[in-house]
Amino acid sequence: MPLYEILCISAHAAKYEEIHGLVKQTALTVMNNGGVVRSINSWGTRTLPMRIKRYKASHTVADYWTMHFDASPRLMKSVAHSLKADERVLRWTTTKLGERLEDIAKPAESTVVNQSSPRML
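Please read these numbers as outputs of a predicted model, since none were measured by experiment. (Residues numbered from 1 in each chain as written. Predicted model: local features only at pLDDT ≥ 70, side-chain atom pairs only at ≥ 80, totals over all residues. Heavy atoms only, no water.)

Enquirer: I'm lost on the environment of His-59 in this one. Help?
Expert: Within the element layout of this structure, His-59 appears in strand E3 (residues 57-70). Classification of His-59 as buried rests on a relative accessible area of 16%. Each C-alpha atom, one on His-59 and one on Ala-11, is 7.0 Å from the other, the two residues being 48 residues apart in sequence. Those residues in contact with His-59, other than ones at most four positions away along the chain, are Ala-11, Leu-48, Met-50, Arg-51, Ile-52, Arg-54 and Leu-90. (Helix = DSSP H or I, 4+ residues; strand = E, 2+ residues; numbered from the N terminus. Buried < 20%, exposed > 50% of the residue type's maximum accessible area, 1.4 Å probe, protein only. Contact = heavy atoms within 4.5 Å.)

Given below as structure tokens:
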């Protein structure tokens, strides 16, 4: 399954539970349909570079978060549809990071030789 990253900008809420609910709903959508959530990161509350109007409301501050996950392309359409329909989501973008985790993982570092040990000649 391909590895994806979602960057989501959600409407700022006074209570963190609303953002937590959105993230949990998105992660459960992925997991209930055979996907694997790798990580979820909150970038916190930030001032938007420009005002965003969505659902007849104007927003100048928003909460940013990312999620890395493995999913099928069909599941990606389902996640995009649920984010589009959710009133808490202002903007989102999805990036395909690779076909497999091995495509983006860093290769293992080589073993370091201890320089203080005597060498045999």
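After that view, the rundown keeps rolling.
Enquirer: Is there a simple way to think about the confidence of the model for the protein in this case?
Expert: In low-pLDDT regions, the fine details of the predicted coordinates are not to be read closely. Confidence in the prediction for the protein averages 83 pLDDT; 82% of positions are at 70 or higher. Averaged pLDDT values for the elements of the protein fall to 64 in helix H3 (residues 101-104) and rise to 91 in strand E1 (residues 3-11). (pLDDT = per-residue confidence, 0-100.)

Enquirer: Would you take a moment to explain helix H1 (residues 16-32) for this structure?
Expert: Helical geometry: 3.6 residues make up each α-helical turn, so side chains three or four residues apart lie on a common side. Along its 17 residues, H1 runs 24 Å from first to last C-alpha, staying within 8% of the 24 Å computed at 1.5 Å per residue. Of all the positions in H1, only Ile-19, Leu-22, Val-23, Thr-26, Ala-27, Thr-29 and Val-30 are classed as buried. The buried side chains of H1 occupy one side of the element, clustering within an arc of 155 degrees when seen end-on. Opposite the buried face of H1, by more than 90 degrees, sit the exposed residues Glu-17 and Asn-32. Looking at the buried residues of H1, the elements they touch are E1, strand E2 (36-54), E3, helix H2 (73-85) and strand E4 (89-98). Of the residues trailing H1, Gly-34 is marked for its positive phi of about 95 degrees. (Expected span 1.5 Å × (residues − 1). Arc of directions from axis to C-beta.)

Enquirer: Looking at this structure, I do not really get the nonpolar core. What am I missing?
Expert: Here is a general trend for soluble globular proteins: nonpolar side chains tend to be buried in one another's company. Grouped together as the largest cluster of nonpolar side chains are 17 residues, with contacts concentrated most on Ile-6, Cys-8, Val-30, Trp-65, Met-67, Phe-69 and Val-79. The element best represented in this core is H1, accounting for five residues. Apart from residues no more than four positions distant in its own chain, Val-79 is found in contact with Ile-6, Thr-26, Thr-29 and Val-30. Counting seven residues, the second largest nonpolar core, distinct from the first, contains Ile-52, Ala-62, Tyr-64 and Leu-90. (Core = buried A, V, L, I, M, F, W, Y, C linked by side-chain atoms within 4.5 Å.)

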